[in-house]
Amino acid sequence: MRENRWQQFDVVIVACVLGLVLAGVAMIHSATCGSPCSGLIPPSSYAVRQGLSAAVGFGLLILISLIDYRFYRVYAFHLYGFALALLVIVLIIGRGGADDDYGAKRWIYLGVFDLQASEVAKLAVLVALARVLGDKGLGPLSFRRLMVSLVMVAI
């Protein structure tokens, strides 16, 4: 039986997110556009960049929300392993932020954009934890599963 994914789409949450994004872009524009800017046109380069990033993010939100949640359950540990690999790659070839605070490495340079592996890791840990803690076939939450989840977060 085929489900209608659009019926499960929460329009109110998406509208709230869009409102916050628009307010954020407006704030960035007002903070970065000097006296030559009057009104909304021309937008500052920071506002344009933030708006384009938000548009790409919104497209990804739509795409990811249309994927069946069981897909994420199947590949939860694969995603977790991929995130750990990205974190190791950051240690090896990563580069720091604008100031390179004390030699910190945060970004993987990909040419078109820089990838912050810790953001991927945050999502991967959430998906993997949902898998570990949500498996009903393993019975009620045990001490062992709780310890496994704490080790996953600690790593």
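Every chain's residues receive numbers from 1 upward, in the order its sequence appears when written. Confidence filtering applies because this is a predicted model: local features only for residues at pLDDT of at least 70, side-chain atom pairs given and counted only at 80 or more, and all residues used for totals across whole chains, interfaces and linings. Side-chain numbers here rest on the full set of heavy atoms in the structure, without hydrogens or water.

### Focus: the nonpolar core
Convention followed: Nonpolar cores were defined as sets of buried Ala, Val, Leu, Ile, Met, Phe, Trp, Tyr and Cys residues, with membership established by side-chain atoms within 4.5 Å. Throughout this description, buried means an accessible area under 20% of the type-specific maximum (1.4 Å probe, protein chains only), exposed means over 50%, and partly exposed covers the range between. Here a strand is any run of E in DSSP of at least two residues, a helix any run of H or I of at least four, and the numbering for each starts at the N terminus. By the convention used here, residues are in contact when the closest approach between their heavy atoms is within 4.5 Å.
Within the largest apolar cluster, 6 residues are counted, these being Tyr80, Val125, Ala128, Leu129, Val132 and Met152. Looking at which element gives the most residues to this core, the answer is helix α5 (residues 117-134), with 4 residues. Setting aside residues no more than four positions away along its own chain, leucine 129 makes contact with Gly134, Ser149, Met152 and Val153.

### Considering the environment of alanine 117
Mapped onto the secondary structure, alanine 117 falls in helix α5. Apart from the residues within four sequence positions on either side, alanine 117 is in contact with Leu86, Leu87, Val90, Arg106 and Ile108.

### As for a nonpolar patch on the surface
We count it as follows: Only residues above 30% relative accessible area that lack a salt bridge enter a patch, with like-charged residues linked at up to 9 Å and the nonpolar side chains Val, Leu, Ile, Met, Phe, Trp and Tyr linked at up to 5 Å. Per-residue and other accessible areas were derived by the Shrake-Rupley procedure at a 1.4 Å probe size, with only the shown protein chains allowed to occlude residues. Salt bridges are defined as contacts in which a side-chain nitrogen from Lys or Arg sits within 4 Å of a carboxyl oxygen from Asp or Glu.
Taken together, Val56, Leu60, Leu63, Ile64, Ile67, Phe71, Val74 and Tyr75 make up a surface patch of nonpolar side chains, about 730 Å² in accessible area. Where the nonpolar patch is concerned, the elements lending two or more residues are α2 (45-65) and α3 (69-74). In terms of residue count, α2 provides more of the nonpolar patch than any other element does, 4 residues in total. Turning to its location among the elements, tyrosine 75 is positioned in the loop between α3 and α4 (76-93). The class for tyrosine 75 is partly exposed, based on a relative accessible area of 41%.

### A look at the confidence of the model for the chain
Rules: Confidence per residue, as judged by the predictor, is encoded in pLDDT with a range of 0 to 100.
Residue-level pLDDT values for the chain average 82, and 82% of them are 70 or greater. Between the elements of the chain, mean pLDDT differs from a low of 81, seen in strand β1 (residues 107-109), to a high of 92, seen in α4.

### As for the packing of aromatic side chains
Rule in force here: Pairs were defined over the aromatic rings of Phe, Tyr and Trp, the Trp ring being its six-membered one, requiring ring centres within 6.5 Å. Orientation was assigned from the angle between planes: stacked under 30 degrees, edge-to-face over 60, tilted for the rest.
For the structure on display, the rule yields 2 aromatic pairs. When the centroid spacing of 5.9 Å and the interplanar angle of 75 degrees are considered together, the rings of phenylalanine 71 and tyrosine 72 count as edge-to-face. The class for phenylalanine 71 is partly exposed, based on a relative accessible area of 42%. With 4.9 Å between their ring centres and 50 degrees between their planes, phenylalanine 71 and tyrosine 75 make a pair best called tilted.

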